[in-house]
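# Fold and contact review
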Amino acid sequence: MSAKVVDFIEQKRRVCNKELMNWLKKGEITEEVYEEFVLDNEQLSQILKTTFVNGEGLIQKQIVNSYSKLFEFRKKPHSDEEAFETMRELIIEGSENPCIRKLAVDIAEKTSLEQGISVPVPNVDKLYSQFPSDTDDQSIIAFIQHCGKVAKALYTFVQSRKVYVSDPPDDYFQPPLFTLEILNLRGDCDDLAMLLCSLYRSIGYRTFIGVQAQHVYAGIVLLRPAVSLVNENGSASLKNPKQYVEVPADPLLDDFEITTGPKSISFGMFDVLTGEFLGNLGRQIAQMKSFSEEETNNVKKNFEGVLKTLDLMSGAKVFFVDSGVLATVKLAEVLRDDLSKF
Amino acid sequence: MRKEKCQQIKTHVFENVAPLHQGKVSLNDVHRMFSHLGSRSEIEKCLNELVDDNMAQKVEMNQGTFYVFSEIALKYGQKWKDELQSLKEHMKNLDGEISSLEKKLEVNEKMMNIWLEGWKEALQDTNTYSCLNNYVSSVFFGQRIEVILNRLREKTKELREINMRAKEAERKIAASYNTP
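Quick caveat: nothing in here was measured; it's all calculated off a predicted structure. (Residues numbered from 1 in each chain as written. Chains lettered and ligands numbered in written order. Predicted model: local features only at pLDDT ≥ 70, side-chain atom pairs only at ≥ 80, totals over all residues. Heavy atoms only, no water.)

## Here we look at the overall build of chain A
Looking only at helices and strands, one finds 11 helices and 11 strands in chain A. Within chain A, the proportion of its 342 residues that are buried is 53%. For chain A, the accessible surface area stands at approximately 16200 Å², while carbon and sulfur atoms represent 49% of it. (Helix = DSSP H or I, 4+ residues; strand = E, 2+ residues; numbered from the N terminus. Buried < 20%, exposed > 50% of the residue type's maximum accessible area, 1.4 Å probe, protein only. Areas by Shrake-Rupley, 256 points an atom, 1.4 Å probe, with all protein chains shown as cover.)

Now the structure itself:
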């Protein structure tokens, strides 16, 4: 099937390019318009060929039942609430797709292996329920950290491979499977947010979508062990195991960098909100014995930058994918607590 | 009318009223402004002194008596001529942009039609055909067409506005310079 269709697409590509060349020769279009349309033509033929070639494989593996599944683009509704409902449907559909779930499981297994954790995929459901009373603090902390590391690995997978493509007027949502399998992680903010939420949801994480003016980002609900900076080795202590934190997982955000004298610590929003960053900072403090006043001020100044970013993101409407609840979250509050400890 | 009052009226007309009316001042208007200083004939006599001093020309028109300050009128006439010239250039550029956008729209539609032809035979599955048709026409080309149409609407609106400004400039040239 796909070979015949690919031949047909190739014919179309040639006919269009020939027509464009004719129009250029007749002086009906300029060189600039010619180049723009040749590019569009190549892009469309590439997308269609990939859809049919990859689609055939996906149909054979019973990941999708027809090619039409890959072309199910949805028109963007006007209101945020309706747009969220459409995104929610696409995320749920994406998270139930075996291809997306397999990718999430593969990344989780690789991360666990690298961290020397025997459980390949954390039982994420446990994050959102009561821990058995006989579980010791250290096991709970290890489990929370395992969930955090897998979540970060999924985020890093998308962040490091994504190619941001703005497609104005951007009237359609593309299905997560199309973003992953056909466009190879090309998309705009909402396409990437939906893919990331689908990956998270496929292995049990609770996710949300943050909607700002002109921007959409994915987010994840995690448990965060309270971190004590005065602790000599900077390790986490379990003061409030049920401190949930809404972590914005925006693949379009760059990492932050804090320079402290000769040392430089690079960290992302994920590290900050999961407490991982403060743990690292604690270990560095322990190693360096003390920060100079200048270094302390520098760190504080950088922290303020993070807070500002979080405050901006907190202005967003947040829609929780599983419950469908609309809320606003104070993303920066948990970090302000940490800052006061520093 | 006392000499000082006449001087006061002449100075005010020359420095303020004439520039405000692009060099063409109606006797009726000046009378309305300075009726507290003298009668219509006294004010006319006072303004006639500007004509005697070669600073203005007195012109009788259907609408009444006018005093034309050539230097000021010429200055404003030139200003509106320059403005009209620049608006015409802008209109020419906009015309070019609009026809280029219209051409792009035409090419987009032709390409879309080429891409949409003949799939029924190649695919056979009607559901896939309908989804592909929607992708090619609405998502891929449709969004591009929408962008071009939006730009076309903006440019056409801009051209309409510039056209109105050009007409206004032509009217001002006619009123302030050519037909005193």
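## Here we look at the sheet that holds strand β10 (residues 317-320) of chain A
Residues and elements named next belong to chain A. Across the sheet, 5 strands lie side by side as β7-β6-β5-β10-β11; this open sheet has antiparallel pairing. Two strands bound the open sheet, and with one partner strand each, they are β7 (244-249) and β11 (326-327). With 2 bridges connecting them, β10 and β11 associate as antiparallel partners. Residue Val 318 lies in a different strand from β11, and its bridge partner there is Ala 327. Sheet strands touched by helix α3 (residues 80-95): β5 (206-212), β6 (215-223), β10 and β11. Its angle to β10, the strand with the most contacts, is close to 35 degrees. (Pairing = 2+ DSSP bridges. Contact = heavy atoms within 4.5 Å. Axes fitted to C-alpha atoms, helices over the stretch in contact; angles between N-to-C directions.)

## Quick look at the pattern of salt bridges
Residue and element names in this part refer to chain A. As enumerated under the stated definition, the model contains 27 salt bridges over all chains in all. With a closest N to O distance of 3.9 Å, Asp 171 and Lys 75 form a salt bridge. Of the two residues, Asp 171 sits in the loop between β2 (163-164) and β3 (172-173) while Lys 75 sits in strand β1 (residues 74-75), which places them 96 residues apart along the sequence. (Salt bridge = Lys/Arg side-chain N within 4 Å of Asp/Glu carboxyl O.)

## Concerning the pairing of β5 of chain A
Working note: regular strand, side chains alternate between the two faces of the sheet. Residues and elements named next belong to chain A. In terms of burial, β5 is largely enclosed, as 5 of its 7 residues are buried. Note that β5 and β6 share 7 bridges and pair antiparallel. Bridge pairing in β6 links Ile 209 to Ala 218. The antiparallel hairpin formed by β5 and β6 contains 2 residues in its connecting segment, where Gln 214 sits at a positive phi of about 65 degrees. Pairing geometry for β5 and β10, over 4 bridges, is antiparallel. Residue pairing for β10: Val 211 is matched across the bridge by Lys 317.

## As for the environment of Asp 311 of chain A
Residues and elements named next belong to chain A. Here Asp 311 shows up in helix α10 (residues 293-314). Looking at Asp 311, the relative accessible area reads 38%, which means it is partly exposed. Sequence separation between Asp 311 and Val 119 is 192 residues, and the spatial gap between their C-alpha atoms is 36 Å.

## So, the interface of chain B and chain A
Taken together, the contact between chain B and chain A spans 29 residues of the former and 37 residues of the latter. Buried area between chain B and chain A, summed over both chains or domains, comes out near 3100 Å², and the portion from carbon and sulfur atoms is 72%. For chain B, the biggest contributors to the area lost against chain A are Trp 115, Tyr 135 and Gln 143 of chain B; these three give 23% of the whole. Viewed at the interface, chain A and chain B are joined by 3 salt bridges. On inspection of chain B and its partner chain A, the count reaches 8 residue pairs in polar contact (both at pLDDT 80 or more). Going through the elements one at a time, α4 (70-116), α5 (119-123) and α6 (126-178) of chain B are the ones with two or more residues in the side of chain B that touches chain A. With 14 residues, α6 of chain B is the single largest residue contributor to the side of chain B that touches chain A. For the side of chain B that touches chain A, a count of residues per class yields 15 nonpolar, 7 polar and 7 charged. (Buried area = accessible area lost by both parts, 1.4 Å probe. Polar contact = N/O pair within 3.5 Å; in protein donor to acceptor, adjacent residues only side chain to side chain. Nonpolar A, V, L, I, M, F, W, Y, C, P; charged D, E, K, R; others polar.)

## Looking at the confidence of the model for chain B
Residue-level pLDDT values for chain B average 89, and 97% of them are 70 or greater. Predicted as a complex, the structure gets a pTM of 0.75 and an ipTM equal to 0.73. (pLDDT = per-residue confidence, 0-100.)

## Some words on the sheet that holds strand β1 (residues 24-26) of chain B
As a general point, the strands of a sheet are linked pairwise by backbone hydrogen bonds and lie either parallel or antiparallel. Residue and element names in this part refer to chain B. The sheet built from 3 strands is open, its strands ordered β1-β3-β2 with antiparallel pairing. Since the sheet does not close on itself, it has two edges, and those belong to β1 and β2 (57-61), each with one partner. Within the sheet, the average angular offset between the axes of one strand and its neighbour, ignoring direction, is 30 degrees. Relative to strand β3 (residues 64-68), β1 runs antiparallel, the two sharing 3 bridges. In the sheet register, Lys 24 faces β3, and the bridge partner there is Val 68.

## What to know about the packing of aromatic side chains
Inspection of the entire model under this criterion finds 14 aromatic pairs over all chains. Both rings, one in Phe 52 of chain A and one in Trp 119 of chain B, keep their centres 6.2 Å apart while their planes meet at 20 degrees; by these two values the pair is stacked. Highlighted residues: Phe 52 of chain A in helix α2 (residues 31-60) and Trp 119 of chain B in helix α5, drawn from two different chains. Taken individually, Phe 52 of chain A and Trp 119 of chain B each receive the classification buried, so the pair is uniform in this respect. One aromatic cluster is present, built from ring pairs that chain together Phe 8, Phe 52, Tyr 67, Phe 71, Phe 73 and Phe 178 of chain A together with Trp 119 and Tyr 135 of chain B. One Lys or Arg, Lys 126 of chain A, reaches over the ring of Phe 143 of chain A and ends 4.8 Å from the middle of that ring. The ring of Trp 80 of chain B is capped by Lys 79 of chain B, whose NZ or CZ atom sits 5.0 Å from the centre of that ring. (Phe/Tyr/Trp six-rings, centres within 6.5 Å; stacked < 30°, edge-to-face > 60°. Lys NZ or Arg CZ within 6 Å of the ring centre and 35° of its normal.)

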